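Listed below, chain by chain, are the residues.
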Amino acid sequence: MAGKPKLHYTNGRGKMESIRWLLAAAGVEFEEEFIETKEDLEKLRNDGSLLFQQVPMVEIDGMKMVQTRAILSYIAAKHNLYGKDLKERAWIDMYVEGTTDLMGMIMYLPFQPAEAKEKNLALIIERATARYFPAYEKVLKDHGHDYLVGNKLSWADIHLLEAILMAEECKPDILSAFPLLQAFKGRISNIPTIKKFLQPGSQRKPPADEKFIAHVKKIFNM
Amino acid sequence: MSEKPKLHYFNGRGRMESIRWLLAPAGVEFEEEFLESREWYEMLLQDGALLFQQVPMVEIDGMKMVQTRAILSYIAGKYNLYGKDLKERAWIDMYVEGVRDLMDLIRVHHKLSPQEQQKNLALIGEKAATRYFPVYEKILKDHKDDFLVGNQLTWADVQLIEAILTVEEKVPTILSEFLLLQAFKARVSSIATIKKFLQPGSQRKPPTDEKAVAFTNRIFNRR
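Given the structure is predicted, the values throughout are model-derived calculations rather than measurements.

**Q** Any details on the sheet that holds strand E4 (residues 63-66) of chain B? Residues and values, ideally.
**A** All names here are of chain B. Across the sheet, four strands lie side by side as E2-E1-E3-E4; this open sheet has mixed pairing. The outermost strands of the open sheet, each flanked by one partner alone, are strand E2 (31-34) and E4. Adjacent strand axes in the sheet meet at a mean angle of 20° when their direction is disregarded. Pairing analysis gives four bridges linking strand E1 (residues 6-9) to E2, with the strands arranged parallel. Paired with Leu7 across the two strands is Glu32, which belongs to E2. Each of strand E3 (57-60) and E4 touches helix H3 (residues 68-78); the most contacted strand, E4, lies at about 125° to it.

**Q** Lay out the sheet that holds strand E4 (residues 63-66) of chain A with the relevant residues and their values.
**A** Residue and element names in this part refer to chain A. A sheet is described by the order of its strands in space; here four strands give the open sequence E2-E1-E3-E4, paired in mixed fashion. Each edge of the open sheet carries a strand with a single partner, namely strand E2 (31-34) and E4. Neighbour-to-neighbour, the strand axes of the sheet open up by a mean angle of 20°, direction not taken into account. Where strand E1 (residues 6-9) meets E2, four bridges bridge the pair, whose relative direction is parallel.

**Q** For the UniProt feature "domain: GST N-terminal" (unreviewed entry) in chain B, give the residues involved together with the corresponding values.
**A** The sites that carry the UniProt feature "domain: GST N-terminal" (unreviewed entry) are, in the present numbering, residues 3-83 of chain B. Each end of residues 3-83 of chain B is marked by a C-alpha atom, and these two atoms are 25 Å apart; helix forms 33% of the span and strand 20%.

**Q** Mind laying out the nonpolar core, listing which residues take part and the relevant values?
**A** With 145 residues, the main nonpolar core has Phe133 of chain A together with Phe133 and Tyr136 of chain B as its most contacted residues. If we skip the residues at most four places from it in the chain, Tyr136 of chain B touches Phe52 of chain A together with Tyr95, Gly98, Val99, Leu148, Leu160 and Leu181 of chain B.

**Q** Just give me the short version of the packing of helix H6 (residues 155-170) of chain B against helix H7 (residues 179-189) of chain B, but keep the residues and values in it.
**A** Residue and element names in this part refer to chain B. Relative to each other, H6 and H7 sit at 110°, their axes nearing to 10 Å. As the angle between them shows, H6 and H7 are arranged roughly perpendicular. Regarding H6 and H7, the two cross each other, and that crossing is left-handed. The segment H6 lies against H7, with Asp157, Leu160, Ile161, Ile164, Leu165 and Glu168 engaging Leu181, Phe184, Lys185, Val188 and Ser189. Broken down by class, the residue content of the contact of H6 with H7 amounts to seven nonpolar, one polar and three charged.

**Q** Describe the pattern of salt bridges, listing the residues and the values that go with them.
**A** For the structure on display, the rule yields 34 salt bridges over all chains. Residues Lys4 of chain A and Glu29 of chain A are paired through a salt bridge, measuring 3.2 Å at the closest nitrogen-oxygen approach. On the criterion of sequence distance, the pair formed by Lys4 of chain A in the segment before E1 and Glu29 of chain A in the loop between helix H1 (17-25) and E2 is long-range, its members being 25 residues apart. Two residues, Asp61 of chain B and Lys78 of chain B, come together in a salt bridge whose shortest N-O distance is 2.9 Å. In this pair, Asp61 of chain B is assigned in the loop between E3 and E4 and Lys78 of chain B in helix H3, connecting sequence segments 17 residues apart. Asp61 of chain B sits in the partly exposed class, given a relative accessible area of 29%. Among the charged side chains, a network of salt bridges with common partners joins Glu17, Arg20, Glu32 and Lys205 of chain A.

**Q** Go over the packing of helix H3 (residues 68-78) of chain A against helix H4 (residues 86-107) of chain B with me, naming the residues and quoting the values.
**A** One way to put it is that H3 of chain A packs onto H4 of chain B with a least axis distance of 8 Å and a crossing angle of 160°. Considering their axes alone, H3 of chain A and H4 of chain B lie roughly antiparallel with respect to each other. Along this stretch, H3 of chain A crosses H4 of chain B, giving a crossing that reads as right-handed. Residues Arg69, Ala70, Ser73, Tyr74, Ala77 and Lys78 of chain A of H3 of chain A form the contact with H4 of chain B, whose participating residues are Leu86, Lys87, Arg89, Ala90, Asp93, Met94 and Glu97 of chain B. Grouping the constituent residues of the contact of H3 of chain A with H4 of chain B by class yields six nonpolar, one polar and six charged.

Rules of the game
- Residues numbered from 1 in each chain as written.
- Chains lettered and ligands numbered in written order.
- Predicted model: local features only at pLDDT ≥ 70, side-chain atom pairs only at ≥ 80, totals over all residues.
- Heavy atoms only, no water.
- Pairing = 2+ DSSP bridges.
- Helix = DSSP H or I, 4+ residues; strand = E, 2+ residues; numbered from the N terminus.
- Axes fitted to C-alpha atoms, helices over the stretch in contact; angles between N-to-C directions.
- Contact = heavy atoms within 4.5 Å.
- UniProt positions renumbered as here; feature names shortened; annotations may be inferred.
- Core = buried A, V, L, I, M, F, W, Y, C linked by side-chain atoms within 4.5 Å.
- Buried < 20%, exposed > 50% of the residue type's maximum accessible area, 1.4 Å probe, protein only.
- Parallel < 35°, antiparallel > 145°, perpendicular 65-115°, else oblique.
- Left-handed = near helix turned anticlockwise from the far one by under 90°.
- Nonpolar A, V, L, I, M, F, W, Y, C, P; charged D, E, K, R; others polar.
- Salt bridge = Lys/Arg side-chain N within 4 Å of Asp/Glu carboxyl O.

Given below as structure tokens:
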């Protein structure tokens, strides 16, 4: 069975977006089958395609993979974006977990009750500028390299760029205190596969709007 | 620099327990430094020892590792509990992530109000019995091996037995429909290093209670 990985998810960012980013950066073409209705989701569940009844699900190399982190780790390792040894992998994992925590906060923002939104947005900005971005700025400062780990592009860099762009959507000048991250952003955005992904017409998804959030809530009974 | 990994956390389960569980079956001796006060935590912060200002933190092989999953992956990789190739690793990752979702429901249990706890207990029981344990029962049934992946003990098996025992503390009859998981539990519990970890006097921590929650809230300045 040949062929491109096939992504099963709604037609929006959510937990699948990091997977799209990683595949695109690795130059891997992929197909997408969008869940548009509750029935679509039920069909996947009844087919036995979803190990824990959940999406994301990615058909890849004969497996129906679920669990976002498992999928990302597999893709990273397969496409040489996971460092050269166990220790580099450890640092990549640590950095990716940090950006996952930050992006998770941003992802759930539209699903919070309206009264909590302002507070949560302020918390996101605080975490980004006081906890996460300083850590990555320091990593780049300490070793002076172009990339976070092993002087070579890895999953950690791709994930950080995704997080930076998401954070900028919350507050456009959020990188103002982080000159090295600004340079990093420019540099990584210019990598041809990533540059292509950032252009209109790619499989990158836009931020969710209210209509889409309502649509997703219906499908997943939220 | 000591040879043994050093765990920095409070003296309770929380997010560190899965790490203790993984080191133990690998037969790895480890030290623990317990956060006993807010000042202690601030000292770690000021030392720059916590990459994202959070614990767990484990000093291992010259690194100050943070982020539970990163630490667990490293230990699994180092001690041959991560399968023999990329595909086995993929399955281990999937099984571990499934179990962790279930464990997260339990981990937050004692932070909830009594009414919320009742609801959460029902949710834990429901998810364990209908979403998670049937999956692992089926895996064991389909390949008939003693372990989940690759016919040898891996991180997935350790994570699963931790989950089974933890859920049983809340829902004692949870395995009643799952005969293969019952056998799995008995089998894996009798592996020498795991058996030792399950005995009194080991570094395994008791279930979290309200006192522990109040204590950690104080250290981490939560309301």
